[in-house]
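Spelled out, the chains give:
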Amino acid sequence: MSGVNDIRSAFLNYFAANGHHIVPSSPLVPRNDPTLMFTNAGMVQFKNVFTGVEKRPYQRATTSQKCVRAGGKHNDLDNVGYTARHHTFFEMLGNFSFGDYFKDHAIELAWKLVTQEFGFPKDRLTATVYIDDDEAFELWKKIAGLPESRIIRISGADNFWQMGDTGPCGPCSEIFYDHGDKIPGGPPGSLDEDGDRFVEIWNLVFMQYEKLPDGSRLNLPKPSIDTGAGLERVAAVLQGKHDNYDIDLFVALIRAAADLTGADPQGPMKASLRVIADHLRASSFLIADGVLPSNEGRGYVLRRIMRRAMRHAQLLGAREPLMWRLVGVLVREMGEAYPELQRARALIEETLRLEETRFRKTLERGLSILDEKSVSLKKGDMFDGETAFTLYDTYGFPLDLTQDALRARGIGVDIASFTDAMEQQKAKARASWSGSGEAATETIWFPLREKLGTTEFLGYETEVAEGVVA
Ligand code: ATP
Ligand code: MG
Ligand code: MG
Ligand code: MG
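In this text, all values refer to a predicted model and were calculated from it rather than measured experimentally.

### Brief notes about the overall build of the protein
Argument step 1. When helices and strands are counted, the protein shows 16 helices and 13 strands.
Argument step 2. Taken against the 2.2 N^0.38 rule, which gives 23 Å for 470 residues, the C-alpha radius of gyration of the protein at 23 Å falls within 12% of a compact globule.
Argument step 3. Projected onto its principal axes, the C-alpha positions of the protein cover 70 × 55 × 45 Å.
Argument step 4. The buried share of the protein, reckoned over its 470 residues, is 56%.
Argument step 5. The contacts in the protein between residues at least 6 apart in sequence include a share of 72% that link residues at least 24 apart.
Argument step 6. Of the roughly 20600 Å² of accessible surface on the protein, 49% is carried by carbon and sulfur atoms.
Argument step 7. Once the 55 positive and 66 negative side-chain charges of the protein are each reduced to a mean point, those two points are 3 Å apart.

Spelled out as structure tokens, the structure:
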């Protein structure tokens, strides 16, 4: 049975044998891209290569890219612990052609890898193509020999990729693995596609157009390929598991957390163990890449991830800071592939330990307020936004932590009154500076800004919040 480390190597070596240059993962904090919170796909480090601004000495590349999807356009934070296939941190395996090969060879390379090297049974595989991409439809028939019934045309924006409002864009084609009829969920494009029976393994993006500011599209003279396959999802299939959290790497992390807390990995607290294992990875890799917990921007996303895991540790009855004690297991599992984890180990442990020590001081009190104020609520009710704001402001509960805590009971949070309470506090603070000079700005505004975060962070927080309530 292949472990995650072997599968990663097998992927990279396969593409190297097919003329691709193995490029190391780029950091989670994107270089020169302030618009992006975290690296969330393999192509991020190649953006300028695709647009032609940057030249590389190779035209084909392959990577295993560290990704975090816990903010911005792609946010899987609320899926963690609840779906079998989402993490906040994951590795995206990819192959890239910079104006070299295109659709036919990309499909051929992917198909051969999954069916021949990985040995996935053909009758478990389904492909999607963009609604009008007849070329891809024909290629899946010809190269893969898939019957038409298992090549599904999809119209949504999900199957048409674009880098931004302008620039390279094109149709996608995705490979799904069918985990069998014991698991609920319909095929891609069906009404219950959100189930976990058909899991999206690999996304192939065919960059064939350039979108201009007036909305029109030009054919790119040299179309390119960008693909992404989730390493953990591939590993699940190869290890005969349906659930990503049952693969070797997660079993090791979950067992360590279970040993320290006495929780049963298959028992009622299963979701908490998964959240802890997932968030440990995200936090550790972010810290290794230079992010530290703070009250705004990237540091605040890290803090939210850490504190959310820490609440789950508390739920498991941990009496002492827990997260930092799991770092050794993570380093053992992933440190060879990512030496930055080994180098930053002491910093990661210290950051986690300090944050958990501090947060535990207010966590218990905050949780008892949360219990008190929600005791009479039932499924479908809304938790008062003003109390959610007090929890945020006084007890250090990020809004999504409060939402996560209430989610199991089907209770949402009144975001409008949360935002109002925050606005009111800001207005009060503003009123108290009027007439003051610079000194006051420094003493009042900066600490307050630290506390509330920037406008950018507020917008972002609201976006996250809406996702949960909807
Ligand atoms: P899904 O529809 O399952 O959320 P996606 O369409 O958002 O996936 P892509 O943006 O196409 O994902 O990313 C390429 C690949 O990366 C996916 O096919 C999947 O294998 C993997 N992937 C995406 N998001 C996650 C995640 N949160 N955790 C683990 N793997 C992921
Ligand atoms: Mg997604
Ligand atoms: Mg998808
Ligand atoms: Mg996709």
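Now that the structure has been shown, we can carry on.
### With respect to the packing of helix H8 (residues 297–315) against helix H11 (residues 345–374)
Argument step 1. Two numbers describe how H8 lies on H11: the axes approach to 9 Å, and their chain directions differ by 60°. For the element pair H8 / H11, the angle class is oblique. Judged by the sense of rotation from one axis to the other, the crossing of H8 with H11 is right-handed. Mapping the contact onto sequence places Arg303, Met306, Arg307, Met310, Arg311, Ala313 and Gln314 in H8 and Thr351, Leu352, Glu355, Glu356, Phe359, Arg360, Leu363, Glu364 and Leu367 in H11.
Argument step 2. For the contact of H8 with H11, the residue count by class is 7 nonpolar, 2 polar and 7 charged.

### Regarding the coordination of the magnesium ion (ligand 4)
Argument step 1. At 2.1 to 2.2 Å from the magnesium ion (ligand 4) lie its protein donor atoms, namely Glu174 (OE) and Glu200 (OE).
Argument step 2. Here the magnesium ion (ligand 4) and the magnesium ion (ligand 3) are spaced 3.3 Å apart, and both take glutamate 200 as a donor. Placement of glutamate 174 in strand S9 (residues 167–178) and of glutamate 200 in strand S10 (residues 198–211) is noted, with a sequence separation of 26 residues between them.
Argument step 3. By relative accessible area, glutamate 174 is classed as buried at 7%.

### What about the nonpolar core?
A general feature of soluble globular proteins is that nonpolar side chains tend to end up buried together.
Argument step 1. With 118 residues, the main nonpolar core has Trp140, Trp202, Leu352, Phe383 and Phe397 as its most contacted residues.
Argument step 2. Filtering out sequence-adjacent residues up to four positions away, leucine 352 remains in contact with Leu280, Ser283, Ser284, Ile287, Met306, Met310, Met323, Trp324 and Val327.

### Quick look at the site of ligand 1
Argument step 1. Close to ligand 1 lie 16 residues, the nearest being Asp76, His86, Glu200, Asn203 and Gly230.
Argument step 2. One nitrogen or oxygen atom from the side chain of arginine 69 is found 3.0 Å from an oxygen atom belonging to ligand 1.
Argument step 3. Contact between ligand 1 and aspartate 76: a nitrogen atom at 2.6 Å from a side-chain N or O atom of the residue.
Argument step 4. Here ligand 1 has 590 Å² of accessible area as a free molecule, and 88% of this is covered by the chains.
Argument step 5. Mapped by element, the contributors of at least two residues to the shell around ligand 1 are strand S5 (89–97), S10 and strand S11 (217–230).
Argument step 6. Among the residues forming the shell around ligand 1, the class breakdown is 5 nonpolar, 5 polar and 6 charged.

### A closer look at the pairing of strand S6 (residues 125–130)
Argument step 1. For S6, the tally of buried residues reaches 6 of 6 residues, placing the bulk of the element in the interior.
Argument step 2. Neither face of S6 is left uncovered, since the one carrying Leu125, Ala127 and Val129 and the one carrying Thr126, Thr128 and Tyr130 both have all their residues buried.
Argument step 3. As paired strands, S6 and S9 are joined by 5 bridges and run antiparallel to one another. Looking across to S9, one finds that valine 129 is bridged to serine 173.
Argument step 4. As judged from the 4 bridges shared by S6 and strand S7 (residues 151–154), these two strands associate in the parallel manner. Counterpart to threonine 128 in the pairing with S7 is isoleucine 152.

### Focus: helix H4 (residues 134–144)
Argument step 1. Among the residues of H4, those classed as buried are Ala136, Phe137, Leu139, Trp140 and Ala144. Along the long axis of H4, the arc covered by the buried residues comes to 165°, so they all point the same way.
Argument step 2. Among the residues trailing H4, glycine 145 stands out with phi positive, at a value near 65°.

### Brief notes about the pattern of salt bridges
Note on pairing: side chains with opposite charge can pair once their charged atoms come close.
Argument step 1. Applying the stated criterion across every chain, the model contains 27 salt bridges.
Argument step 2. A salt bridge links aspartate 133 to lysine 103; its shortest N-O distance comes to 2.9 Å. Of this pair, aspartate 133 sits in the loop between S6 and H4 while lysine 103 sits in helix H3 (residues 103–117); the two residues are 30 residues apart in sequence, bridging distant segments of the chain. Comparing aspartate 133 with lysine 103, the two get one shared label, buried.
Argument step 3. Across the pair arginine 308 and aspartate 404 runs a salt bridge, and its minimum N-O distance is 3.3 Å. Pair noted here: arginine 308 is in helix H8 and aspartate 404 is in helix H13 (residues 399–407), with a separation of 96 residues, a long-range link. In this structure, arginine 308 and aspartate 404 share a single accessibility class: buried.

### Observations regarding the packing of aromatic side chains
Argument step 1. A full pass over the atoms with the stated rule returns 22 aromatic pairs.
Argument step 2. Where phenylalanine 89 meets phenylalanine 285, the ring centres are 4.2 Å apart and the plane angle is 15°; that geometry is what we call stacked. Placement of the pair is phenylalanine 89 in strand S5 and phenylalanine 285 in helix H7 (residues 270–288), with a sequence separation of 196 residues. Side by side, phenylalanine 89 and phenylalanine 285 carry an identical accessibility label, which is buried.
Argument step 3. Here the aromatic cluster, defined as three or more aromatic residues joined through ring pairs, consists of Phe46, Phe50, Tyr58, Phe96 and Phe98.
Argument step 4. It is arginine 217 that lies over the ring of tyrosine 209; its NZ or CZ is 5.0 Å from the centre.
Argument step 5. Over the aromatic face of tryptophan 324 sits the side chain of arginine 353, whose NZ or CZ is 5.9 Å from the ring centroid.

### What about the environment of leucine 406?
Argument step 1. Summarising the element assignment, leucine 406 is placed in helix H13.
Argument step 2. Sequence spacing of leucine 406 and asparagine 18 is 388 residues, and the spatial spacing of their C-alpha atoms is 50 Å.

Calculation criteria
- Residues numbered from 1 in each chain as written.
- Chains lettered and ligands numbered in written order.
- Predicted model: local features only at pLDDT ≥ 70, side-chain atom pairs only at ≥ 80, totals over all residues.
- Heavy atoms only, no water.
- Helix = DSSP H or I, 4+ residues; strand = E, 2+ residues; numbered from the N terminus.
- Rg over C-alpha atoms; globule rule 2.2 N^0.38 Å.
- Buried < 20%, exposed > 50% of the residue type's maximum accessible area, 1.4 Å probe, protein only.
- Contact = heavy atoms within 4.5 Å.
- Areas by Shrake-Rupley, 256 points an atom, 1.4 Å probe, with all protein chains shown as cover.
- Lys, Arg positive; Asp, Glu negative; His and termini not counted.
- Charge placed at Lys NZ, Arg CZ, Asp CG, Glu CD.
- Axes fitted to C-alpha atoms, helices over the stretch in contact; angles between N-to-C directions.
- Parallel < 35°, antiparallel > 145°, perpendicular 65-115°, else oblique.
- Left-handed = near helix turned anticlockwise from the far one by under 90°.
- Nonpolar A, V, L, I, M, F, W, Y, C, P; charged D, E, K, R; others polar.
- Donors = N, O, S within 2.8 Å, 3.2 Å for Na, K, Ca; no water.
- Core = buried A, V, L, I, M, F, W, Y, C linked by side-chain atoms within 4.5 Å.
- Near = heavy atom within 4 Å.
- Polar contact = N/O pair within 3.5 Å; in protein donor to acceptor, adjacent residues only side chain to side chain.
- Pairing = 2+ DSSP bridges.
- Arc of directions from axis to C-beta.
- Salt bridge = Lys/Arg side-chain N within 4 Å of Asp/Glu carboxyl O.
- Phe/Tyr/Trp six-rings, centres within 6.5 Å; stacked < 30°, edge-to-face > 60°.
- Lys NZ or Arg CZ within 6 Å of the ring centre and 35° of its normal.

Don't take any of this as a statement about function, it's just geometry.
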